[in-house]
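Listed below are the residues making up each chain.
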Amino acid sequence: VQLQASGGGLVQAGDSLRLSCAASGRTFSSYAMGWFRRAPGKGREFVASISGNGGNTYYADSVKGRFTISRDSAKSTVYLRMNSLKPEDTAVYYCAADSKTWVATIRLSEYDYWGQGTQVTVSS
C-alpha cells in the first residue's frame, strides 16, 4: 500500500482545511485508514480512523465535533475535514493504513503503512 497525503497549510484559528490521502496498491475497501499527528516536541497521536466500508469512525476527544474523517472508494482516497481549527492543532498530519483488517482501530501500532506527512499550522 502506498499513501500520499496532501492539503496541509498555514491558516488562522477558526479556519477550515481538508486533508487528502490517496492510496494505491491494494483494494481500498479491504483495509482501515487513520489519521495521526505529531505536534512539535510531542509524540505521534491518534486523530481519527475509519473502517474499510466507511461505516465506523473514531475520533480523539480533542477533535471530536470539529474533524470529520471520510473515504471515497471510487478515488481510493481518505479525507480529514478540519473545522474550527485551533493553534493546538498545529502538527504534521500523517495518514496510515492497517492492511491487516477493514476494522478501524485507534491503536497506532496496528497501522503498517504510512504516508509522508503534511504540515498544518494554525496561527492565533
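Please refer to the structure placed before this passage.
Let me sum up the structure you'll find in this document. (Residues numbered from 1 in each chain as written. Predicted model: local features only at pLDDT ≥ 70, side-chain atom pairs only at ≥ 80, totals over all residues. Heavy atoms only, no water.)

Our focus in this paragraph is the overall build of the protein. Counting its regular elements, the protein contains 0 helices and 11 strands. Along its sequence from the N terminus, the protein presents helices and strands in the succession β-β-β-β-β-β-β-β-β-β-β. Taken against the 2.2 N^0.38 rule, which gives 14 Å for 124 residues, the C-alpha radius of gyration of the protein at 13 Å falls within 12% of a compact globule. Buried positions account for 45% of the 124 residues belonging to the protein. Partitioning the contacts of the protein with sequence separation of at least 6, the portion at a separation of at least 24 is 59%. Carbon and sulfur atoms make up 47% of the accessible area of the protein, which amounts to about 6000 Å² in all. Counting 14 positive and 9 negative side-chain charges, the protein places the averaged centre of each group 2 Å from the other. (Helix = DSSP H or I, 4+ residues; strand = E, 2+ residues; numbered from the N terminus. Rg over C-alpha atoms; globule rule 2.2 N^0.38 Å. Buried < 20%, exposed > 50% of the residue type's maximum accessible area, 1.4 Å probe, protein only. Contact = heavy atoms within 4.5 Å. Areas by Shrake-Rupley, 256 points an atom, 1.4 Å probe, with all protein chains shown as cover. Lys, Arg positive; Asp, Glu negative; His and termini not counted. Charge placed at Lys NZ, Arg CZ, Asp CG, Glu CD.)

This brings us to the pairing of strand β5 (residues 44–50). Successive residues of a regular strand alternate their side chains across the two faces of the sheet. When you tally the buried positions in β5, you get 5 out of 7 residues, the bulk of the element. Bridging between strand β4 (residues 32–38) and β5 involves 6 bridges; their strand directions are antiparallel. By the bridge assignment for β5, Phe36 is matched with Phe46. Hairpin connection, β4 to β5: the antiparallel pair is bridged by 5 residues, and Gly41 has positive phi, about 80°. Two strands pair when backbone bridges link them, and β5 and strand β6 (residues 57–59) are joined in this way by 3 bridges, in the antiparallel orientation. In the sheet register, Ser49 faces β6, and the bridge partner there is Tyr58. In sequence, β5 turns back onto β6 through a hairpin of 6 residues, with Gly54 there showing a positive phi of about 80°. (Pairing = 2+ DSSP bridges.)

Pairing between sheet strands relies on hydrogen bonds along the backbone, with the strands arranged either parallel or antiparallel. Judged by pairing direction, the sheet is antiparallel, and its 4 strands sit side by side in the order β1-β3-β8-β7 without closing on themselves. Two strands close off the open sheet at either side, each with one partner strand: β1 (2–6) and β7 (67–72). Each strand of the sheet is rotated relative to its neighbour by a mean of 15°, with strand direction disregarded. With 6 bridges connecting them, strand β3 (residues 17–24) and strand β8 (residues 77–82) associate as antiparallel partners. Its bridge partner lying in β8, Leu19 is registered against Leu80. (Axes fitted to C-alpha atoms, helices over the stretch in contact; angles between N-to-C directions.)

Note on placement: Thr105 falls in the loop between β9 (91–98) and β10 (113–114). Looking at Thr105, the relative accessible area reads 11%, which means it is buried.

This part covers the environment of Asp72. Note on placement: Asp72 falls in strand β7. If we skip the residues at most four places from it in the chain, Asp72 touches Phe28, Thr77 and Tyr79.

For the structure on display, the rule yields 1 disulfide. Across a sulfur-sulfur distance of 2.1 Å, Cys21 and Cys95 are joined as a disulfide pair. A torsion of 60° about the S-S bond marks the disulfide between Cys21 and Cys95 as right-handed. Of this pair, Cys21 sits in strand β3 while Cys95 sits in strand β9; the two residues are 74 residues apart in sequence, bridging distant segments of the chain. (Disulfide = S-S within 2.5 Å.)

All quantities given are derived from atomic positions and should not be read as evidence of function.
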